[in-house]
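Observations on chain architecture
Here is how the chains run, residue by residue.
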Amino acid sequence: MSRQPGFFITFEGGEGVGKSTNITFAADWLRAQGKDVIVTREPGGTPIAETIRNALLKAHHDELMMPRTELLLVFAARAQHIESVIMPALARGTWVLCDRFTDSTIAYQGFGRGLPMDEIDTLKTLVQQGLEPDLTFLLDAPLSVGMGRAAQRGSDAGEETDRFETEQLAFFERVRSGFQALAAEHSRFRVLDAAQPLARVQADLLKELVPLAGGINR
Ligand code: Z5A
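Throughout this description, residue numbers start from 1 for each chain and increase along the sequence as written. Residues qualify for local features only when their pLDDT is at least 70, as the model is predicted, and side-chain atom pairs are given and counted only at 80 or more; totals for whole chains, interfaces and linings, by contrast, use all residues. Excluding hydrogens and water, the side-chain figures rest on all heavy atoms present in the structure.

1. Overview of the packing of helix α3 (residues 67–92) against helix α4 (residues 102–112)
Under this scheme, a helix contributes an axis fitted over its contacting stretch, all axes are lines through C-alpha atoms, and angles between N-to-C directions fall in the 0 to 180 degree range. Under the scheme used here, helices are H or I runs from DSSP no shorter than 4 residues and strands are E runs no shorter than 2 residues, and both carry numbers assigned from the N terminus. For the pair α3 and α4, the least separation of the axes is 11 Å and the interaxial angle reads 175°. The orientation of α3 with respect to α4, classified from their angle, is roughly antiparallel. Residue-level contacts link E70, L71, V74, F75 and R78 of α3 to T102, T105 and Q109 of α4. In terms of residue class, the contact of α3 with α4 is made up of three nonpolar, three polar and two charged. These descriptions rest on fixed angle ranges, namely under 35 degrees for roughly parallel, over 145 for roughly antiparallel, 65 to 115 for roughly perpendicular, and the rest for oblique. Contact criterion: two residues are considered in contact whenever any of their non-hydrogen atoms come within 4.5 Å of each other. Ten residues, namely Ala, Val, Leu, Ile, Met, Phe, Trp, Tyr, Cys and Pro, are considered nonpolar, four, namely Asp, Glu, Lys and Arg, are considered charged, and the remaining ones, Gly among them, are considered polar.

Shown next, in the form of structure tokens:
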């Protein structure tokens with residue numbers, strides 16, 4: 001638990017499953033209920049963390065980025081984000097909705113890259129200082145669904161391919177299995193079937209948010 005006056009919700013899942021779309025929907029709905037809400041993302045969420053994000057996502061460097069470098073950069077961005085954005089917002093009683101958090105690190109750097117989980121745990125303890133999401137939505141869909149949507153959006157918007165998108169299918173299968181294992185392990189997870197039409201996904205999301213917003217008086 002965040003053990004703060006605010007409420008900390010994270011949105012997780014693979015590429016193109018609808019995290020950004022549904023976080024915006026959830027924030028709009030919570031604001032309409034009178035809640036004070038911020039939406040943020042990882043890696044990123046502050047100017048320094050966004051600079052780190054650019055280095056992480058840049059498709060071509062003059063050398064290969066090593067997996068441990070990637071892991072440390074993710075946690076460096078997170079340290080800045082937690083201390084300068086997330087903790088102050090939670091302390092003010094704000095609802096913090098975050099697009100990806102440490103479950104992504106476990107899924108991508110742990111399950112995907114194969115880095116030892118105890119290294120991730122050590123960095124998590126150092127950087128999070130006991131902070132955990134109160135609730136996590138895992139948007140889960142077969143790879144073909146998420147990748148198809150992301151490719152369509154990318155071509156519509158003229159987006160460039162990022163470094164993660166150049167990975168092989170097997171990497172993304174390991175990442176999806178990692179998220180599913182985390183959801184089975186931790187009671188804070190709610191798994192949403194993201195392959196459904198958007199209106200159905202959002203109806204499922206609201207089923208979780210309605211009692212929560214009513215029950216938490218902040
Ligand atoms: N990363 C990491 O390795 N370790 C870490 O610790 C962290 C991150 C925190 C950047 O993430 C990369 O960082 C990520 C992992 C790594 N790389 N990958 N892969 P990101 O979150 O910025 O990028 P992303 O995962 O690729 O997200 P995305 O492509 O922005 O997807 P999304 O936010 O989940 O989806 P969306 O933009 O809301 O939706 C995609 C499209 O589908 C869009 O046109 C929607 O209108 C449409 N959509 C959404 N839902 C539906 C439904 N239900 N039906 C039909 N169409 C839909």
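Following the structure, the description resumes.
2. Quick word on the site of the ligand
Any residue with a non-hydrogen atom lying within 4 Å of a molecule or strand is treated as near it. The local shell around the ligand holds 28 residues, among which S20, T21, R53, R100 and R153 are the closest. Polar contacts here mean pairs of N or O atoms no more than 3.5 Å apart (in protein, one a potential hydrogen donor and the other a potential acceptor; neighbouring residues in sequence count only if both atoms are side-chain atoms). Backbone polar atom of G18 to an oxygen atom of the ligand: 3.0 Å apart, as the coordinates give it. Taking K19, its side chain carries an N or O atom lying 2.7 Å from an oxygen atom of the ligand. In these tables, accessible area is a Shrake-Rupley quantity obtained with a 1.4 Å probe, and a residue counts as shielded only by the protein chains included in the view. Out of a free accessible area of 1100 Å², the ligand has 85% covered by protein chains. Counting residues per element, the ones that place at least two in the shell around the ligand are α1 (19–32), α2 (47–57), α3, α4, α6 (143–157) and α8 (198–215). For the shell around the ligand, the element with the highest residue contribution is α4, accounting for four residues. Residue composition of the shell around the ligand, by class: eleven nonpolar, nine polar and eight charged.

3. Some remarks on the packing of α1 against α8
For the pair α1 and α8, the least separation of the axes is 10 Å and the interaxial angle reads 40°. By the angle between their axes, α1 is oblique relative to α8. Classified by chirality, the crossing of α8 by α1 is right-handed. On the side of α1, the interface is formed by T21, N22, F25, A26, W29 and L30, while α8 contributes L198, V201, Q202, L205, L206, L209, V210 and A213. In a left-handed crossing the near helix is turned counterclockwise from the far helix by less than a right angle, and in a right-handed crossing that turn is clockwise.

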